[in-house]
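Below are the chains, spelled out letter by letter.
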Amino acid sequence: MTAAIRVDRLVKRFGAFTAVNGISFEVPRGAIFGFLGPNGAGKTTTIRMLLGLLTPTAGRIEVLGYEVPRQVQAMRERTGYMSQKFSLYRDLTVGENLEFYGTIYGLRGAELRARKAKALELAGLQEQRHVLTAELAGGWKQRLALACAILHEPELL
């Protein structure tokens, strides 16, 4: 079985500062993987490189068989990501946020409506669908961010 994520001797430098120094690891498909370490260990920088948001200084990244950053767009279509600081639009309702993210993922029409309904149900947000995101408590925002991340039914979350 191929790995969902393969990282080989990954390095990221910012000038003279080395944020990530030659890490290597593999995550099998279907696995639940924890990425742990103290503050400043390079976890966020590594994740940003996995997502193609930062270009590595050295090393190789493969996610779902796609070479990152070279094939990042194809990889992103098959992955979902929920950051610690949610990228939600406060002036949109819960339903409008899902609609927005669905269109970004290429969902349209009946497929978008069905996925949106499923995501609202999975996240327990049916009653909040017309509530402005700015008015949600932190836990509800977490649920909405997760619903947005799984809306396109990603192969990797």
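Above: the structure in question.
In this report, we go over the structure that sits alongside the text.

What to know about the overall build of the chain
- Helices and strands together make up the secondary structure of the chain, namely five helices and four strands.
- Beginning at the N terminus, the succession of helices and strands in the chain can be written as β-β-α-β-β-α-α-α-α.
- Dimensions of the chain, computed from C-alpha atoms along their principal axes, come out at roughly 50 × 35 × 25 Å.
- Looking at the chain as a whole, 37% of its 157 residues qualify as buried.

Observations regarding helix 4 (residues 109–122)
- The terminal C-alpha atoms of helix 4, which comprises 14 residues, lie 20 Å apart, in line with the 20 Å expected from a rise of 1.5 Å per residue.
- Those residues of helix 4 lying buried are Leu112, Arg115, Lys116, Ala119 and Leu120. Buried residues of helix 4, seen end-on, are gathered within an arc of 135° and therefore sit on one face of the element. The outward face of helix 4, more than 90 degrees from its buried face, is lined by the exposed residues Ala110, Arg113, Glu121 and Leu122.
- Looking one or two places after helix 4, you find Gly124, whose phi comes out positive at around 65°.

Considering a nonpolar patch on the surface
- Taken together, the side chains of Met82, Leu146 and Leu157 make up a nonpolar region of the molecular surface, amounting to roughly 270 Å² of accessible area.
- For Leu157, the position within the fold is in the segment after helix 5 (138–150).
- On the accessibility criterion, Leu157 (61% relative accessible area) is exposed.

What to know about the layout of surface pockets
- The volume enclosed by the largest pocket comes to roughly 1,800 Å³.
- Lining the largest pocket are 46 residues; nearest its centre among them are Ile47, Leu51, Gly80, Tyr81 and Met82.
- With five residues, the single largest contributor to the lining of the largest pocket is helix 1 (residues 43–50).
- In terms of residue class, the lining of the largest pocket is built from 29 nonpolar, 10 polar and seven charged.

Regarding the sheet that holds strand 4 (residues 66–68)
- Sheet architecture is open: four strands sit in the order 2-1-3-4, paired in antiparallel fashion. At either margin of the open sheet sits one strand with a lone partner, and together these are strand 2 (17–28) and strand 4. On average, each strand axis in the sheet is tilted by 25° relative to the strand beside it, whichever way the strands run.
- Bridge count between strand 3 (residues 58–63) and strand 4: three bridges; the pairing is antiparallel. In the sheet register, Ile61 faces strand 4, and the bridge partner there is Val68.
- Taken strand by strand, helix 1 contacts strand 1 (3–14), strand 2, strand 3 and strand 4, and its axis lies near 120° from that of strand 1.

A look at the pattern of salt bridges
- With the rule as written, the count across this model stands at 11 salt bridges.
- Measuring nitrogen to oxygen at the nearest pair gives 3.0 Å for the salt bridge that ties Glu62 to Arg6. Pair noted here: Glu62 is in strand 3 and Arg6 is in strand 1, with a separation of 56 residues, a long-range link.
- Arg29 is paired through a salt bridge with Glu155; the nearest N and O atoms lie 2.3 Å apart. Here the residue Arg29 occupies a position in the loop between strand 2 and helix 1, and Glu155 occupies one in the segment after helix 5, the gap between them amounting to 126 residues.
- In this structure Arg29 comes out as partly exposed when scored by relative accessible area, which is 28%.
- If you follow the salt bridges from partner to partner, you end up with Arg6, Glu26, Arg60 and Glu62 in one network.

Quick notes on the rules
- Residues numbered from 1 in each chain as written.
- Predicted model: local features only at pLDDT ≥ 70, side-chain atom pairs only at ≥ 80, totals over all residues.
- Heavy atoms only, no water.
- Helix = DSSP H or I, 4+ residues; strand = E, 2+ residues; numbered from the N terminus.
- Buried < 20%, exposed > 50% of the residue type's maximum accessible area, 1.4 Å probe, protein only.
- Expected span 1.5 Å × (residues − 1).
- Arc of directions from axis to C-beta.
- Patch = residues over 30% accessible without salt bridge, like charges linked within 9 Å, V, L, I, M, F, W, Y side chains within 5 Å.
- Areas by Shrake-Rupley, 256 points an atom, 1.4 Å probe, with all protein chains shown as cover.
- Salt bridge = Lys/Arg side-chain N within 4 Å of Asp/Glu carboxyl O.
- 1 Å grid on protein atoms, 1.4 Å probe; cavity = no way out; pocket = protein on both sides within 12 Å on 5 of 7 lines; lining within 4 Å.
- Points joined across faces, edges and corners; volume = space filled by probe spheres on them.
- Nonpolar A, V, L, I, M, F, W, Y, C, P; charged D, E, K, R; others polar.
- Pairing = 2+ DSSP bridges.
- Axes fitted to C-alpha atoms, helices over the stretch in contact; angles between N-to-C directions.
- Contact = heavy atoms within 4.5 Å.

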